[in-house]
Amino acid sequence: MTTADQVTPAPDDQVAKPTSIAFTFGDPVPVLDGRELAGYYQALWNGSYFEPPVSFNGLAKMLGANTHHQSAIRAKVNILASCYQPHKLLSRASFKRLALDFLVFGNAWVERRENWLGGPLELAPTLALWTRTRKDGATLMLVDGAEHDFVPGKVFHFVEPDVSQEIYGVPGYLAAMQSALLNEAATLFRRKYYVNGSHAGFILYLTDPAQDPADIDALRTALKEAKGPGNFRNLFLYAPNGNKDGLKVIPVAEVGAKDEFLSIKNVTRDDVLAAHRVPPQLLGIVPNSTGGFGDVEKAAAVFARNELVPLTSVFTDLNVWIGEEVVRFDPYTVGGGDSAAK
């Protein structure tokens, strides 16, 4: 846990007012914008507890905003949980909660619950979304607007270190969140484009004079009734004996918009995966080229050594705090059983 001598809180009579954070979840803002940077020097003291430097609520919502962001985190959590050896104090489900909180928020807390004799009964994860730190290093949870204080010294705090303050951790993927939001915005724009159904699909241009005007009316009716909710809106133009060049349809940006959409999706995907350092073949991504992404087993082995091993070492720190080996992992095997991580 973070102790009081590790922080430099503001005096009680100088309670900081809410300010902007270095990364926002609304309008695009440069990370080095002066106003935003000033709000990231420290975790703000609100008079009761320290506010996280990045909105935990925003990080939680971001989990479902982008396919690759969520998939990369879930892949790490599932692999860690599959390798975890359940312990009587910490079940596999509880460990999975810890891993998910740590990867999403850069913070995870676990409470030591004791029996009548003072021995450990259970290690229960707290909800990181609502867990906060007080000035003296104590831990509390926000429950229905009220503050629930944990017994001092009974909560262990997993932290992804931050260079700007030492009270809370921050996730390592923040640099890619603008790309994740752009990816989401491109998808939503394209979806709204199709859903509103008010754009033209094609123009049927008829120049030959019809012998029977009823045939023209029937054609108009057929085109109109063929349109369903959200489909393309087709237009019919009847110009008897009209010139073939009398009407021209010139696409403004149809092809360009399509290419730009695919480019945005691919570039932002690569940004997100680079931040998570997860090989694309492990996430079920279909390669654009015939060469593919390479050997999946070799990629998984490198991923396990470079990413999973450091993550497992984070959670084994709990063993020193609790005084026994609670957190243990089976070797992570790929394909024919080659050991990739321990």
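Residues numbered from 1 in each chain as written. Predicted model: local features only at pLDDT ≥ 70, side-chain atom pairs only at ≥ 80, totals over all residues. Heavy atoms only, no water.

**Student:** What is the right way to read the sheet that holds strand E6 (residues 155–159) from this model?
**Tutor:** Within a beta sheet, neighbouring strands are joined by backbone hydrogen bonds and run either parallel or antiparallel to one another. Taken together, the 3 strands give an open sheet; going across it, the order is E2-E1-E6, and neighbouring strands pair in antiparallel fashion. The strands lining the two open edges of the sheet, one partner per strand, are strand E2 (120–125) and E6. Here the strands of the sheet are splayed against their neighbours by 20° on average, with no regard to which way each runs. Relative to E6, strand E1 (residues 107–114) is paired through 5 bridges, and the arrangement is antiparallel. Directly across from Ala 108, in E6, lies its bridge partner Phe 158. Against the sheet, helix H4 (residues 92–105) engages E1, E2 and E6, with an angle of about 150° to E1. Against the sheet, helix H8 (residues 296–322) engages E1, E2 and E6, with an angle of about 155° to E6. (Pairing = 2+ DSSP bridges. Helix = DSSP H or I, 4+ residues; strand = E, 2+ residues; numbered from the N terminus. Axes fitted to C-alpha atoms, helices over the stretch in contact; angles between N-to-C directions. Contact = heavy atoms within 4.5 Å.)

**Student:** Please clarify how the sheet that holds strand E4 (residues 139–143) should be interpreted in this entry.
**Tutor:** In space, the 3 strands of this open sheet follow the order E3-E4-E5, with antiparallel pairing throughout. Where the open sheet ends on each side, the last strands, each with one partner, are strand E3 (131–133) and strand E5 (146–149). Each adjacent strand pair in this sheet contributes to an overall mean axis angle of 35°, direction not counted. Relative to E5, E4 runs antiparallel, the two being bridged by 4 bridges.

**Student:** Any chance you could explain H4 here in plain terms?
**Tutor:** Residues spaced three or four apart along an α-helix face the same direction, because each turn holds 3.6 residues. Over its 14 residues, H4 extends 20 Å from the first C-alpha to the last, a length consistent with the 20 Å expected when each residue adds 1.5 Å. By the criterion of burial, H4 is predominantly enclosed, with 10 of the 14 residues buried. Turning to H4, its buried residues number three or more, namely Ser 94, Phe 95, Leu 98, Ala 99, Leu 100, Asp 101, Phe 102, Leu 103, Val 104 and Phe 105. Summarising the contacts, the buried residues of H4 are in contact with helix H2 (56–62), helix H3 (67–83), E1, E2, E6 and H8. Trailing H4 by a residue or two, Gly 106 shows a phi angle of about 75°, which is positive. (Expected span 1.5 Å × (residues − 1). Buried < 20%, exposed > 50% of the residue type's maximum accessible area, 1.4 Å probe, protein only.)

**Student:** Any chance you could explain the nonpolar core here in plain terms?
**Tutor:** Ranked by size, the top nonpolar core spans 66 residues in total, and within it Leu 90, Phe 158 and Phe 315 carry the most contacts. Not counting residues within four places of it along the chain, the set of residues in contact with Phe 315 comprises Leu 80, Phe 95, Leu 98, Ala 99, Phe 102, Phe 158, Val 327 and Phe 329. (Core = buried A, V, L, I, M, F, W, Y, C linked by side-chain atoms within 4.5 Å.)

**Student:** Could you clarify how one ought to interpret the environment of Leu 90 in this entry?
**Tutor:** Within the secondary structure, Leu 90 is located in the loop between H3 and H4. For Leu 90, a relative accessible area of 0% gives the class buried. Here Leu 90 is in contact with Tyr 84, Phe 95, Leu 98, Leu 123, Leu 318, Val 326 and Val 327, once residues within four sequence places are set aside.

**Student:** Would you take a moment to explain the side chain of Thr 131 for this structure?
**Tutor:** Along the polypeptide, Thr 131 turns up in strand E3. Overall, Thr 131 belongs to the buried group, its relative accessible area being 0%. A polar atom in the side chain of Thr 131 sits 2.7 Å from the backbone oxygen of Leu 127. If we skip the residues at most four places from it in the chain, Thr 131 touches Phe 56, Trp 109, Thr 126, Thr 139, Leu 140, Met 141 and Tyr 168. (Polar contact = N/O pair within 3.5 Å; in protein donor to acceptor, adjacent residues only side chain to side chain.)

**Student:** Would you mind going over the pattern of salt bridges with me for this structure?
**Tutor:** Close approach of charged atoms allows side chains of opposite charge to pair. Counted by the stated rule, this structure contains 10 salt bridges. The partner of Lys 76 in a salt bridge is Glu 307, and the shortest N-O contact between them spans 3.6 Å. Taken together, the residues span a long stretch of sequence, with Lys 76 in helix H3 and Glu 307 in helix H8 at a distance of 231 residues. There is no split in this pair, since Lys 76 and Glu 307 are both buried. Members of the salt-bridge network, linked through shared partners, are Lys 76, Arg 277 and Glu 307. (Salt bridge = Lys/Arg side-chain N within 4 Å of Asp/Glu carboxyl O.)

**Student:** Explanation requested: the environment of Lys 135 in the structure shown.
**Tutor:** Residue position: Lys 135 is located in the loop between E3 and E4. Separated by 32 residues in sequence, Lys 135 and Ile 167 place their C-alpha atoms 9.5 Å apart.

**Student:** Mind showing me how you'd approach H8 here?
**Tutor:** Along its 27 residues, H8 runs 38 Å from first to last C-alpha, staying within 8% of the 39 Å computed at 1.5 Å per residue. Within the span of H8, buried status applies to Ala 299, Ala 300, Phe 303, Ala 304, Glu 307, Leu 308, Leu 311, Thr 312, Phe 315, Leu 318, Asn 319 and Ile 322. Among the residues of H8, the N-terminal cap falls to Asp 295, whose side-chain oxygen and the backbone nitrogen of Glu 297 are separated by 2.9 Å. Within two residues after H8, Gly 323 carries a phi angle of roughly 90°, on the positive side.

**Student:** It is not clear to me how unusual backbone geometry should be interpreted in this structure. Could you clarify?
**Tutor:** If a residue is not glycine, its phi is most likely negative; likewise, a peptide bond is most likely trans. Positive phi, close to 50°, is recorded for Asp 144, a residue that is not glycine. Classification of Asp 144 by relative accessible area gives exposed; the value is 80%. Residues other than glycine seldom take positive phi values, yet Arg 277 does so here, at roughly 60°. Classification of Arg 277 as partly exposed rests on a relative accessible area of 48%.

**Student:** Could you clarify how one ought to interpret the pairing of E2 in this entry?
**Tutor:** Remember that side chains alternate between the two faces of the sheet whenever the strand is regular. Bridging between E1 and E2 involves 5 bridges; their strand directions are antiparallel. Within E2, the residue paired with Arg 113 across the bridge is Glu 122. The hairpin turn running from E1 into E2, its antiparallel successor, is 5 residues long, and Gly 118 in that turn takes a positive phi close to 90°.

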